[in-house]
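Results of the structural survey
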Amino acid sequence: MDAESRLRRWLRPQLLQSQSYHVPDSRGLIKLDAMENPYALPDSLRERLLDALRDAPLNRYPDPQARELRELLIAQLGLADGLDLIFGNGSDELIQLLAIALAGEDRVVLAPTPGFVMYKVLAEALGMRFVGVPLGPDFSLDKSAMLEAIARHQPALVYLAYPNNPTGNLFDEQAMRDIIGAAPGLVVVDEAYSPFSARSFAGWLGQYDNLLLMRTLSKQGLAGLRLGYLLGPRAWIQELDKLRLPYNINVLTQIAARVVLEQPAELESQAREICESRQRLFAALGRLSGISVHPSDANFLLFRVPAGQGGRIFQGLLEQGILIKNLHGTPGLEDCLRVTVGTPQENASFLQALERIL
Ligand code: PMP
């Protein structure tokens with residue numbers, strides 16, 4: 001058997017048909033494509049971090065429970081009895097963990113679309129079926145379509161991102177309650193962008209036995225650390241923990257996250273600055289003729305350009321050294337681009353480049 005036939009004989013057909021997640025090469029570019037915080041760590045934190053890392057025991061495996069970090073976070077969140085948390089190597093790993101835990105041929109993962117792509121990618125990678133329920137024209141939840149789809153497909157898992165990526169808006173809270181109440185399985189509210197919306201569903205956690213909350217440090221300024229966590233009823237978290245790789249959070253991440261989270265005010269003040277810049281960028285984009293920009297509660301803005309112009313504008317920005325995200329090919333988002341809020345200088349460069357292209 002030649003090498004190619006052997007590979008085709010043994011790899012799962014779904015894997016052979018899928019593609020690697022593509023991340024563009026951003027070296028040398030102004031990077032406004034991935035919702036990172038554009039600011040470096042403040043100096044005071046950087047110094048404390050360097051001190052803490054000096055004695056990092058890299059010859060040892062990390063604490064498999066990340067106990068110090070865990071205790072800090074549980075205390076900060078004031079997590080009630082009966083609730084628990086589990087860490088992931090970014091929330092991407094938690095989405096994968098959920099898919100592994102719930103996988104089965106006849107199982108469905110359901111989410112509003114357009115939404116975060118990894119819900120679909122990881123469900124399908126594990127052989128589950130993904131059902132996307134289109135958002136309304138203003139990107140609001142179509143509650144009756146969601147409830148109908150839940151009744152029809154009986155999903156093992158429903159994702160609701162709040163704020164939603166890539167649209168940036170918040171969903172109606174009553175609609176979310178109705179969905180959680182109607183879902184036969186788990187509902188994960190993904191709060192990746194909550195640092196910019198000042199709204200969290202943490203208060204709902206004790207109220208539903210099927211609700212989990214997912215968060216990440218990535219958007220707050222620590223994308224390089226890769227740390228996400230899932231909060232929810234201990235019974236669910238304990239089962240998920242059986243599938244977690246024992247050392248998924250490395251020594252450096254555990255130390256660094258602890259140092260930074262001990263002084264949350266530093267990153268919170270950066271988030272406030274980003275929100276102010278978002279409002280200025282929103283207003284400036286809105287003044288450009290041919291552009292319509294959507295209100296956002298996240299650290300990015302979705303905007304629509306004249307029909308058929310998305311590719312040209314994306315490419316033109318790239319030629320001027322600016323990388324954003326082209327959403328062409330995403331159903332419902334033809335002619336849409338997404339820009340992460342950068343520093344005031346980066347935003348100005350982006351706007352100037354865009355004006356030149358238009
Ligand atoms: N959820 C949402 C809604 C996201 O947009 C992202 C990143 N784009 C993630 C989760 C994953 O974040 P991370 O793996 O960096 O924690």
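- Per an unreviewed UniProt entry, the protein is named Histidinol-phosphate aminotransferase, and its organism is Thermithiobacillus plumbiphilus.
- Recorded in UniProt under Sequence similarities (unreviewed entry), the annotation for the protein is "Belongs to the class-II pyridoxal-phosphate-dependent aminotransferase family. Histidinol-phosphate aminotransferase subfamily."
- Comment text from UniProt for the protein, heading Catalytic activity (unreviewed entry), reads "L-histidinol phosphate + 2-oxoglutarate = 3-(imidazol-4-yl)-2-oxopropyl phosphate + L-glutamate".

Concerning the overall build of the protein
- Scanning the protein from terminus to terminus reveals 14 helices and 13 strands.
- Taken over the C-alpha trace, the protein has a radius of gyration of 21 Å; the compact-globule value for 358 residues is 21 Å, and the two agree within 12%.
- For the protein, restricting intrachain contacts to residue pairs at least 6 apart in sequence, the fraction spanning at least 24 positions comes to 71%.
- Surface exposure of the protein reaches about 17400 Å², of which carbon and sulfur atoms provide 51%.
- With 35 positive and 41 negative side-chain charges, the protein shows a separation of 3 Å between the mean positions of the two kinds.

A short note on the UniProt feature "modified residue: N6-(pyridoxal phosphate)lysine" (unreviewed entry) in the protein
- Mapped onto the present numbering, the UniProt feature "modified residue: N6-(pyridoxal phosphate)lysine" (unreviewed entry) falls on Lys219.
- Relative to the assigned elements, lysine 219 resides in helix 9 (residues 218–222).
- For lysine 219, a relative accessible area of 15% translates into the label buried.
- Residues within four places of lysine 219 in sequence aside, it is in contact with Ala34, Met35, Asn37, Ala192, Tyr193, Phe196 and Asn299.

A short note on unusual backbone geometry
- Omega for the bond connecting threonine 113 with proline 114 falls within 30 degrees of zero, at 0°, which places this linkage in the cis form.
- By secondary structure assignment, the location of proline 114 is in the loop between strand 3 (108–113) and helix 6 (117–125).
- With an omega dihedral of -5°, the bond running from tyrosine 162 to proline 163 counts as a cis peptide bond.
- Structurally, proline 163 is set in the loop between strand 5 (157–161) and helix 8 (173–182).
- Positive phi outside glycine occurs at glutamine 154, with the angle close to 45°.
- One can find glutamine 154 in the loop between helix 7 (143–153) and strand 5.

Concerning the sheet that holds strand 13 (residues 336–340)
- If you trace the four strands from one edge of the open sheet to the other, you get 9-10-13-12, paired in antiparallel fashion. Looking along the sheet, the strands with just one partner apiece sit at the ends: strand 9 (292–293) and strand 12 (325–326).

Some details on the UniProt feature "domain: Aminotransferase class I/classII large" (unreviewed entry) in the protein
- If you check UniProt for "domain: Aminotransferase class I/classII large" (unreviewed entry), the listed places come out as residues 29–354 in our numbering.
- Counting secondary structure, residues 29–354 comes out at 41% helix and 18% strand; the distance between its end C-alpha atoms is 15 Å.

A closer look at the packing of helix 3 (residues 43–54) against helix 11 (residues 251–262)
- Contact pair helix 3 / helix 11: the axes reach a minimum separation of 10 Å and the direction vectors enclose 145°. Helix 11 is crossed by helix 3, and the crossing has right-handed handedness. For the pair formed by helix 3 and helix 11, the contact residues are Leu45, Arg48, Leu49, Ala52 and Leu53 on the first element and Leu252, Ile255, Ala256, Val259, Val260 and Glu262 on the second.
- Residues of the contact of helix 3 with helix 11, tallied by class, amount to nine nonpolar, no polar and two charged.

A closer look at the site of the ligand
- Within the structure, the ligand sits among 13 residues, and Ser91, Asp190, Tyr193, Thr216 and Ser218 are positioned closest to it.
- For the ligand, an oxygen atom lies 2.6 Å from a polar atom in the side chain of threonine 216.
- A distance of 2.7 Å separates an oxygen atom of the ligand from a polar side-chain atom of arginine 226.
- Contributions of two or more residues to the shell around the ligand are made by helix 5 (91–102) and helix 9.
- Counted by class, the shell around the ligand contains four nonpolar, five polar and four charged residues.

As for the packing of aromatic side chains
- By the definition in use, this model includes nine aromatic pairs.
- Relative to tyrosine 229, the ring of phenylalanine 87 lies with its centre 6.4 Å away and its plane at 75°, an arrangement referred to as edge-to-face. Taken together, the residues phenylalanine 87 in strand 2 (residues 83–88) and tyrosine 229 in strand 8 (residues 228–233) connect sequence positions 142 residues apart.
- Ring centres of phenylalanine 116 and tyrosine 119 lie 5.5 Å apart, and the angle between their planes is 90°; this geometry places the pair in the edge-to-face category.
- By relative accessible area, tyrosine 119 is classed as buried at 3%.

What counts and how
- Residues numbered from 1 in each chain as written.
- Predicted model: local features only at pLDDT ≥ 70, side-chain atom pairs only at ≥ 80, totals over all residues.
- Heavy atoms only, no water.
- UniProt positions renumbered as here; feature names shortened; annotations may be inferred.
- Helix = DSSP H or I, 4+ residues; strand = E, 2+ residues; numbered from the N terminus.
- Rg over C-alpha atoms; globule rule 2.2 N^0.38 Å.
- Contact = heavy atoms within 4.5 Å.
- Areas by Shrake-Rupley, 256 points an atom, 1.4 Å probe, with all protein chains shown as cover.
- Lys, Arg positive; Asp, Glu negative; His and termini not counted.
- Charge placed at Lys NZ, Arg CZ, Asp CG, Glu CD.
- Buried < 20%, exposed > 50% of the residue type's maximum accessible area, 1.4 Å probe, protein only.
- Pairing = 2+ DSSP bridges.
- Axes fitted to C-alpha atoms, helices over the stretch in contact; angles between N-to-C directions.
- Left-handed = near helix turned anticlockwise from the far one by under 90°.
- Nonpolar A, V, L, I, M, F, W, Y, C, P; charged D, E, K, R; others polar.
- Near = heavy atom within 4 Å.
- Polar contact = N/O pair within 3.5 Å; in protein donor to acceptor, adjacent residues only side chain to side chain.
- Phe/Tyr/Trp six-rings, centres within 6.5 Å; stacked < 30°, edge-to-face > 60°.

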